[in-house]
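In case you want the letters, here they are:
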Amino acid sequence: MDINARRNHYGRLAVILASAMTLFACSSQPRQDTVADEEAFQQKSGTIASSEAPVAATTEAPKPVQLTANYPSEYVVKKGDTLWDIASMFLKDPWYWPEIWQRNPQVQNPHLIFPGDILTLIYVDGMPRISVARPEDGVLRRETTDMSGRKVVKLTPSIHRQSLSEAIPSIPADAIRQFLTRPRVVNSDVWDDAPYIVGSDDDHLVLGSDNKVYVRGELDKERVRYSVFRRGNRLIDPESGDLLGYEIVYAGQAKITNFGDPSTAILTKTTREVLLGDRLLPTDKGAIDQQYYPKLPEKPVYGQVISLFDAISSIAKHQIAVINRGSNHNLEVGHLLATYQFGGLTRDRFLDKTSVKRGDDKKLEIMLPDERSGIMMLFKVFDDVSYGLILKSTRTISKLDKVERPR
């Protein structure tokens with residue numbers, strides 16, 4: 001190899017070596033903007049957690065979250081509040097609460113809010129968000145007024161631990177607690193096979209607390225406490241005419257004191273008169289301590305109100321409606337449905353009758369649109385029937401009103 005070729009060879013080696021050293025230096029000391037760009041990419045691709053709540057992929061444009069006209073910029077949670085009521089302060093559609101929740105490492109669940117928490121409405125990238133501060137953050141805020149009457153916020157150090165049981169309820173628990181063990185829908189076979197009260201020790205026909213009664217039928221000898229029910233409404237599907245079951249009415253509690261034929265029992269508690277022929281069924285306590293998370297059904301729902309619990313013609317807020325849809329229609333506990341009154345038929349008195357052909361008076365009649373009357377949350381779901389608590393009502397809700405996924 002001549003001298004010129006040797007010089008070119010070593011020159012190329014020097015260039016390759018310098019480039020390798022440069023690449024090694026760059027990889028050992030990454031640039032800050034490169035790291036930031038990589039983190040942004042990972043957040044978008046889902047490989048690392050974002051500080052914002054994840055947004056589910058959808059082909060439809062998300063409905064913009066609408067705030068109420070007089071929403072508070074800040075609210076301190078009080079004992080006795082419910083999450084539904086607080087969400088209603090900020091949002092026209094309270095079920096979008098998780099959509100505006102500003103996640104932080106300390107407070108991950110938007111449904112777990114405690115008395116003393118400070119909720120603040122902020123904007124992130126032009127979108128409303130709710131941030132929360134609580135005493136565990138190390139600072140407790142108290143609003144007071146000074147001597148001149150001006151509003152003053154005092155910040156004091158605080159250490160305080162709260163259990164999940166101290167969280168405010170999602171909905172007014174007292175409104176449904178009495179219904180959790182009582183509303184029941186059974187088919188005719190379950191009702192006919194249930195043990196029944198055949199008589200009493202003093203031959204009374206109408207019975208109450210502390211009365212001794214006699215029960216015929218097959219009882220579980222491992223169980224001594226039963227609920228007493230009376231058969232109520234036949235639940236008929238207004239669309240098909242099918243019998244969906246019997247709504248049975250809670251009457252009280254009974255304790256078996258002696259098994260036999262008949263068995264002996266004491267009525268330990270009654271909420272209405274107990275009659276001969278009333279049935280004994282196991283008490284359902286499964287839903288008493290359930291935490292409810294109101295949410296919209298994923299699929300469209302179309303049904304009707306088929307019964308009003310403990311009401312004759314209409315109900316309103318914090319009352320119970322029964323609908324002809326259940327788990328067989330993809331409904332779950334916590335699902336929110338809107339109730340609608342059917343639009344009435346009216347006559348257009350202002351239409352020029354001369355423009356209407358003779359004998360075609362139907363053009364003078366028009367159907368008014370359906371009007372939303374309320375929002376209900378399902379708290380007990382059977383196969384083809386569900387019970388819902390009315391959380392909001394703008395007008396009375398009646399039997400045969402439509403129920404749908406809120407529009």
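This write-up is about the structure you can find in this document. Numbering of residues begins from 1 in every chain and follows the order in which that chain's sequence is written. For a predicted model such as this one, the threshold for reporting local features is a pLDDT of at least 70, and the threshold for listing and counting side-chain atom pairs is 80 or more; totals across whole chains, interfaces and linings nevertheless cover every residue. Hydrogens and water are ignored here; the side-chain numbers use all heavy atoms of the structure.

## Quick look at the overall build of the chain
Okay, so step 1: In terms of regular secondary structure, the chain is built from five helices and 24 strands.
Okay, so step 2: Accessibility here uses a 1.4 Å probe with only protein chains present; expressed as a share of the type maximum, an area under 20% marks a residue as buried, one over 50% as exposed, and anything in between as partly exposed. Counting over 407 residues, the chain shows a buried share of 36%.
Okay, so step 3: Considering only contacts within the chain whose residues lie at least 6 apart along the sequence, 66% involve residues at least 24 apart.
Okay, so step 4: Looking at the chain as shown, the accessible area adds up to about 24800 Å², and 52% of this sits on carbon and sulfur atoms. A run of H or I in DSSP counts as a helix once it spans at least four residues, and a run of E counts as a strand once it spans at least two, with each numbered from the N terminus. Throughout, a residue-residue contact means that at least one pair of heavy atoms, one from each residue, lies within 4.5 Å. Values of accessible area rely on a 1.4 Å probe in the Shrake-Rupley scheme; residue burial ignores everything except the protein chains shown.

## Regarding the sheet that holds strand E2 (residues 118-124)
Okay, so step 1: Note on pairing: DSSP must find at least two bridges between two strands before they are called paired. The strand order across the open sheet built from three strands is E1-E2-E3, with neighbouring strands paired in antiparallel fashion. Of all strands in the sheet, those bounded by a partner on one side alone are strand E1 (74-76) and strand E3 (127-133). Across this sheet, the average inter-strand angle for adjacent strands is 25 degrees, counted without regard to direction.
Okay, so step 2: As judged from the three bridges shared by E1 and E2, these two strands associate in the antiparallel manner. Paired with valine 76 across the strands is isoleucine 118, a residue of E2. In this analysis an axis means a line fitted to C-alpha atoms, helices contributing only their contacting stretch, and an angle means the value between N-to-C directions, from 0 to 180 degrees.

## What to know about helix H3 (residues 83-90)
Okay, so step 1: When we look at burial in H3, the residues that qualify are Leu83, Trp84, Ile86, Ala87 and Phe90. For H3, the angular spread of buried residues about the axis comes to 165 degrees, placing them on one side.
Okay, so step 2: In the core, the buried residues of H3 are packed alongside E1, E2, E3, strand E18 (336-341), strand E21 (371-381) and strand E22 (386-393). By arc we mean the arc of the directions from the helix axis to the C-beta atoms, nothing more.

## Some details on unusual backbone geometry
Okay, so step 1: Cis geometry is found at the peptide bond from aspartate 261 to proline 262, where omega equals 5 degrees.
Okay, so step 2: Relative to the assigned elements, proline 262 resides in the loop between strand E11 (243-258) and strand E12 (263-270).
Okay, so step 3: Within the chain, aspartate 210 stands out as a residue other than glycine whose phi angle is a positive 75 degrees.
Okay, so step 4: Relative to the elements of secondary structure, aspartate 210 occurs in the loop between strand E8 (206-207) and strand E9 (212-216).
Okay, so step 5: On the basis of relative accessibility, which here comes to 64%, the residue aspartate 210 falls in the exposed class.
Okay, so step 6: For histidine 318, which is not glycine, the phi torsion reads 70 degrees and is therefore positive.
Okay, so step 7: Turning to its location among the elements, histidine 318 is positioned in the loop between strand E16 (314-315) and strand E17 (320-323).
Okay, so step 8: With a relative accessible area of 35%, histidine 318 lands in the partly exposed category.

## Description of the pattern of salt bridges
Okay, so step 1: By definition, a salt bridge exists where a carboxyl oxygen of Asp or Glu is found within 4 Å of a side-chain nitrogen of Lys or Arg. All told, the structure shown has eight salt bridges when counted by the stated rule.
Okay, so step 2: Two residues, glutamate 332 and lysine 295, come together in a salt bridge whose shortest N-O distance is 3.8 Å. Taken as a pair, glutamate 332 in the loop between E17 and E18 and lysine 295 in the loop between strand E14 (279-281) and strand E15 (302-308) lie far apart in primary sequence, 37 residues in all.
Okay, so step 3: Taking relative accessible area as the criterion, glutamate 332 reaches 42% and is therefore assigned partly exposed.
Okay, so step 4: Exposure remark for lysine 295: the relative accessible area of 32% places this residue in the partly exposed category.
Okay, so step 5: One salt-bridge network, held together by shared partners, links Asp370, Lys402, Glu404 and Arg407.

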